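# An overview of the molecular structure
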Amino acid sequence: MALINLKINGKANSVDVEEDTPLLWVLRDHLGLVGTKYSCGIAQCGACTVHKNGEAIFSCITPAASLTEDEITTIEGLSEDGDHPVQKAWAEVDVAQCGYCQAGQIMNASAFLEKNPKPSMEEIDEAMNRNICRCGTYHKIREAVAMAAKSK
């Protein structure tokens, strides 16, 4: 076991875990931040997406010990009141069906729009391709990302 210090959603946290423990399990099991979801465990679906210094990463394969110098943002830290432009667009378009993938989708979309605030539809499709939606709401996801881009 190792004591690992992490900055998550602007707050300092210390956890005593194995050095190879994925960030996902630190978030969910040790810090109670359960908005980040587990699905595949092999970085293929995107349900576990969080931000590392503003970049979208898969927390299911990222060892927490590798992040001691980084700022981590989860869905809980994206905005205090759910008023991030992507979250607002998600609600307006009514994207969610089952909702399981939504935190990862929103985290990927928000990181993408920070880098590319005026994307084309093709760029949106390419960026969001790394996240899977079991319910197939891709047309609504695309619409919400485009709406969020226009509102920024």
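A brief look at the structure comes next. Treat the numbers as computed from the prediction; the structure is a model and nothing was measured.

## Remarks on the overall build of the protein
- For the protein, the count of helices and strands is six helices and five strands.
- For the protein, the sequential pattern of α-helices and β-strands runs β-β-α-β-β-β-α-α-α-α-α.
- Against the compact-globule benchmark of 15 Å for 152 residues, the protein has a radius of gyration of 15 Å, which places it among compact chains.
- Projected onto its principal axes, the C-alpha positions of the protein cover 45 × 30 × 25 Å.
- Residues counted as buried form 47% of the 152 residues belonging to the protein.
- Relative to all contacts within the protein whose residues are 6 or more apart in sequence, the contacts with residues 24 or more apart total 55%.
- Counting every atom, the protein has about 7,800 Å² of accessible surface; 48% of that belongs to carbon and sulfur.
- Looking at charge distribution, the protein has the averaged site of its 14 positive side-chain charges lying 6 Å from that of its 21 negative ones.

## Overview of the nonpolar core
- Val86, Trp90, Leu113, Ile141 and Val145 are the most contacted members of the largest nonpolar core, which has 24 residues in total.
- Of all the elements in the fold, those that place two or more residues in this core are helix H2 (75–78), helix H3 (85–93), helix H4 (102–115), helix H5 (121–128) and helix H6 (138–151).
- In terms of nonpolar packing, the next biggest core, distinct from the first, is built from 15 residues, Ala2, Ile8, Val15 and Val50 among them.

## Things to note about the packing of aromatic side chains
- Enumeration over the complete set of coordinates arrives at one aromatic pair.
- Arranged with centres 5.1 Å apart and planes meeting at 40°, the rings of Trp25 and Tyr38 form a pair that is tilted. Of this pair, Trp25 sits in helix H1 (residues 23–30) while Tyr38 sits in the loop between H1 and strand S3 (49–52), and the two are 13 residues apart along the sequence.
- Trp25 sits in the partly exposed class, given a relative accessible area of 28%.
- Here the guanidinium or amino end of Arg130 rests over the ring plane of Phe58, the centre of that ring lying 4.3 Å away.

## Details of the environment of Cys60
- One can find Cys60 in the loop between strand S4 (55–58) and strand S5 (71–73).
- When the C-alpha atoms of Cys60 and Glu18 are compared, they prove to be 15 Å apart, with 42 residues separating the residues in sequence.
- In contact with Cys60, other than residues within four places in its own chain, are Pro22, Leu24, Gly41, Ile42, Ala43 and Cys48.

## With respect to the packing of H4 against H5
- Running from N to C, H4 and H5 cross one another at 130°; their axes reach a closest spacing of 10 Å. With respect to H5, the element H4 is oriented oblique. For the crossing formed where H4 meets H5, the hand is right-handed. Facing Gln105, Asn108, Ala109 and Phe112 of H4, the residues of H5 in contact are Glu123, Ile124, Ala127 and Met128.
- Partitioned by chemical class, the residues of the contact of H4 with H5 number five nonpolar, two polar and one charged.

## Thoughts on unusual backbone geometry
- Backbone geometry at Ala43 places phi at a positive 60°, although glycine is not the residue there.
- Relative to the helices and strands, Ala43 is located in the loop between H1 and S3.
- Judged by relative accessible area, which is 17%, Ala43 ranks as buried.

The rules behind each value
- Along each chain, residue indices are assigned from 1 in the same order as the chain's sequence is written.
- Totals for whole chains, interfaces and linings use all residues, but because this is a predicted model, local features are given only for residues with pLDDT of at least 70 and pairs of side-chain atoms are given and counted only at 80 or more.
- With hydrogens and water stripped out, all remaining heavy atoms of the structure feed into the side-chain values.
- Going along the chain from the N terminus, every DSSP run of H or I of four or more residues is numbered as a helix, and every run of E of two or more is numbered as a strand.
- With the radius of gyration taken over C-alpha atoms, the globule rule is written as 2.2 Å times the number of residues to the power 0.38.
- Each residue gets one of three labels from its accessible area relative to the maximum for its type: buried under 20%, exposed over 50%, partly exposed in between, using a 1.4 Å probe on protein chains only.
- Any pair of residues with heavy atoms lying within 4.5 Å of one another is described as a contacting pair.
- Note on areas: Shrake-Rupley, 1.4 Å probe, and residue coverage restricted to the protein chains presented here.
- Charged-residue counts in this description rest on Lys and Arg as positive and Asp and Glu as negative, His and the chain ends being excluded.
- In plain terms, the charge of a residue is placed at NZ if it is Lys, CZ if Arg, CG if Asp and CD if Glu.
- What makes a nonpolar core is a set of buried Ala, Val, Leu, Ile, Met, Phe, Trp, Tyr and Cys residues whose side-chain atoms join them at distances within 4.5 Å.
- Any two rings among Phe, Tyr and Trp, with Trp reduced to its six-membered ring, count as a pair given centres within 6.5 Å; such a pair is stacked if its planes are under 30 degrees apart, edge-to-face if over 60, and tilted if neither.
- By definition, being over a ring means that NZ of Lys or CZ of Arg is both within 6 Å of the ring centre and within 35 degrees of the ring normal.
- Axis lines are fitted through C-alpha atoms, for helices just across the contact stretch, and the angle between N-to-C directions can take any value from 0 to 180 degrees.
- When an angle is under 35 degrees it counts as roughly parallel; over 145 it counts as roughly antiparallel; between 65 and 115 it counts as roughly perpendicular; any other value is oblique.
- Working rule for handedness: look at the near helix, and if it is turned counterclockwise from the far one by less than a right angle, call the crossing left-handed; if clockwise, right-handed.
- When residues are grouped by polarity, Ala, Val, Leu, Ile, Met, Phe, Trp, Tyr, Cys and Pro land in nonpolar, Asp, Glu, Lys and Arg in charged, and all others, Gly among them, in polar.

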